[in-house]
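# Structure at a glance
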Amino acid sequence: MTRPEQAGAPPRTESSPDRDARSPAGPPDAPLDVQALRRDFPALHQDVNGHPLAYLDNAATTQKPRAVLDALMGFYEADNANVHRGIHELSRRATEAYEGARDRVAEWIGAPGGREELIWTRGTTESINLVAASWGGANLSEGDEIVLTEMEHHSNLVPWQLVAQRTGARLRYVELDDDGRLRLEQLPELLNARTRLVAMTHVSNALGTINPVREVADLVREHGALLLVDGAQGAAHHPVDIGALGCDFYAFSGHKLMGPTGIGALWARKELLEAMPPYQGGGEMIRVVERDASTWAALPHKFEAGTPNIAGAVGMAAAVEYLDGVGPARVLRHEQSLVGYALERLAEFADIRIFGPSDPGERSGVVSFALDSAHPHDIATILDTEGVAIRAGHHCAQLVMRRYGVSATSRASFYLYNTREEVDRLVDGLGTVRTIFGPGEGS
Ligand code: C6P
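Nothing here was measured: the structure is a model prediction, and the numbers come from that model. (Residues numbered from 1 in each chain as written. Predicted model: local features only at pLDDT ≥ 70, side-chain atom pairs only at ≥ 80, totals over all residues. Heavy atoms only, no water.)

It is worth spelling out the domain arrangement of the chain at this point. You can read the domains of the chain as domain 1 (89-323) and domain 2 (328-437). Listed per partner, the contact involves 30 residues of domain 1 and 28 residues of domain 2. Counting each side, the surface lost to burial between domain 1 and domain 2 is near 2,400 Å², with a carbon and sulfur contribution of 58%. At the boundary of domain 1 with domain 2, the tally comes to two salt bridges. (Domains from an automatic or database assignment. Contact = heavy atoms within 4.5 Å. Buried area = accessible area lost by both parts, 1.4 Å probe. Salt bridge = Lys/Arg side-chain N within 4 Å of Asp/Glu carboxyl O.)

Below, the structure written as structure tokens:
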């Protein structure tokens, strides 16, 4: 796929970030210059509880580079107005920035049908709810089947449960194996003439597993069903090319890829979007309104009711610009090398249980683990006193927890600005946990 550097990029106004100032660190297969990249992230340079911050909670949300902060501030300082409404200069500039951001993100994921296929939403959760409510409400009926997996985040489970309850559709599940992979050998058995849609995560937030989307897409298509991919942990950590993935819907969030919170996108094939009814009603999404009925705006606006998150879209495009400059394939390689190192170091603890595939090549930058001797919340609390930020809990993936017989795990998640020294600090912090709670039974 060609990704011309500036094609479709938001118009460069005085407030636009200076793209030449970002820190793309070398040729496509060169290792990242992490120290140079870190300089772009103001939030990383602070002490927490008397220690330099080691931010290892990137699957929850990522820190923002200066280019994104500048884009947000620049928009509000110079271009702020509502979009598509006014004919004055600021409204024109805001509309250009907002629609230019759409072009940039659509181009970045390689949307085959272009900008009309890219709907701005609040994030992955809203994107999936949009599909479940709109497509699901119009296309599912009693006895139809939706295939999910035990690996899904609640955002890719609960919307389907809601629509299944409304329509009488049935949910079926692909299970997990002991190493945190999908048991894809079950899929041909699960697919049948009643299957309407398969919804699967690109990358697991609880295990780190990267799923073979293309392989699943081919199988799903053979059975005449649709494939929705939850890309919350995919787009941020993995090169995304929609054409190559072969799915029908792809949902993702800005804040997971260094953009702002409250903005994300749904990509869907144009013919599906054209046939789907609106998700929400209000301003922006109509063509003509009469007393008892209305007609709808053309794509993509049919699915964007009300004043959108204009600055969020501008910030997300700036994040995509930054990530593209660094190179998503290099980011994934960097994360996998940190995961490899973390798996090696964590194996020093005899009572540790690590979830997910043992081969770092099958994962993105997530390492979930449990120690016999301490609860995940205690582990996260002690690490926090040493300035190491991780997440503990069920990670909104209770089916994963149930599958492995735990109620929670500790989770370290890496991104392009993390270092091996930070992995060492995680391991040192676990050493403190053991001095407090004892060595555990496996030791
Ligand atoms: N996972 C985590 O700490 P939103 O909140 O809409 O941006 O993304 C939801 C979501 C959907 N799918 C997956 C695979 C995800 O990881 C997430 C968000 C965060 O793991 C918050 S629970």
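Attention now goes to the packing of helix α10 (residues 310-326) against helix α11 (residues 328-346). α11 packs onto α10 with a crossing angle of 70° between their chain directions and a minimal axis gap of 6 Å. By the angle between their directions, the pair α10 and α11 is classed as roughly perpendicular. Here α10 contributes Leu-323, Asp-324 and Val-326 to the contact with α11, which in turn contributes Pro-328, Arg-330 and Val-331. Partitioned by chemical class, the residues of the contact of α10 with α11 number four nonpolar, no polar and two charged. (Axes fitted to C-alpha atoms, helices over the stretch in contact; angles between N-to-C directions. Helix = DSSP H or I, 4+ residues; strand = E, 2+ residues; numbered from the N terminus. Parallel < 35°, antiparallel > 145°, perpendicular 65-115°, else oblique. Nonpolar A, V, L, I, M, F, W, Y, C, P; charged D, E, K, R; others polar.)

The next subject is unusual backbone geometry. The linkage connecting Leu-299 with the following residue, Pro-300, adopts the cis geometry, with an omega of 0°. Position of Pro-300 among the secondary structure elements: in the loop between β12 (294-296) and α10. In this structure, Met-258 takes a positive phi of about 80° despite not being glycine. Among the structural elements, Met-258 can be located in the loop between β9 (249-253) and β10 (264-268). One non-glycine residue with positive phi stands out, namely His-395, at about 55°. Looking at where His-395 falls in the secondary structure, it is placed in the loop between β16 (391-393) and α13 (398-403). Judged by its relative accessible area of 0%, His-395 falls in the buried class. (Buried < 20%, exposed > 50% of the residue type's maximum accessible area, 1.4 Å probe, protein only.)

Space inside the largest pocket adds up to approximately 330 Å³. Lining the largest pocket we find 22 residues, and of these Thr-125, His-153, Ser-155, Ala-232 and Lys-256 sit closest to its centre. By residue number, the principal contributor to the lining of the largest pocket is helix α4 (residues 124-139), which donates three residues. Looking at the lining of the largest pocket residue by residue, the class counts come to four nonpolar, twelve polar and six charged. No fewer than three residues from each of domain 1 (89-323) and domain 2 (328-437) sit in the lining of the largest pocket. Approximately 220 Å³ is the volume found for the second largest pocket. Taken together, 17 residues form the lining of the second largest pocket, with Trp-120, Thr-121, Arg-122, Glu-126 and Ala-305 sitting closest to its centre. Within the residue set of the lining of the second largest pocket, elements represented by two or more residues are β4 (118-121) and α4. When its residues are assigned to classes, the lining of the second largest pocket shows eight nonpolar, six polar and three charged. (1 Å grid on protein atoms, 1.4 Å probe; cavity = no way out; pocket = protein on both sides within 12 Å on 5 of 7 lines; lining within 4 Å. Points joined across faces, edges and corners; volume = space filled by probe spheres on them.)

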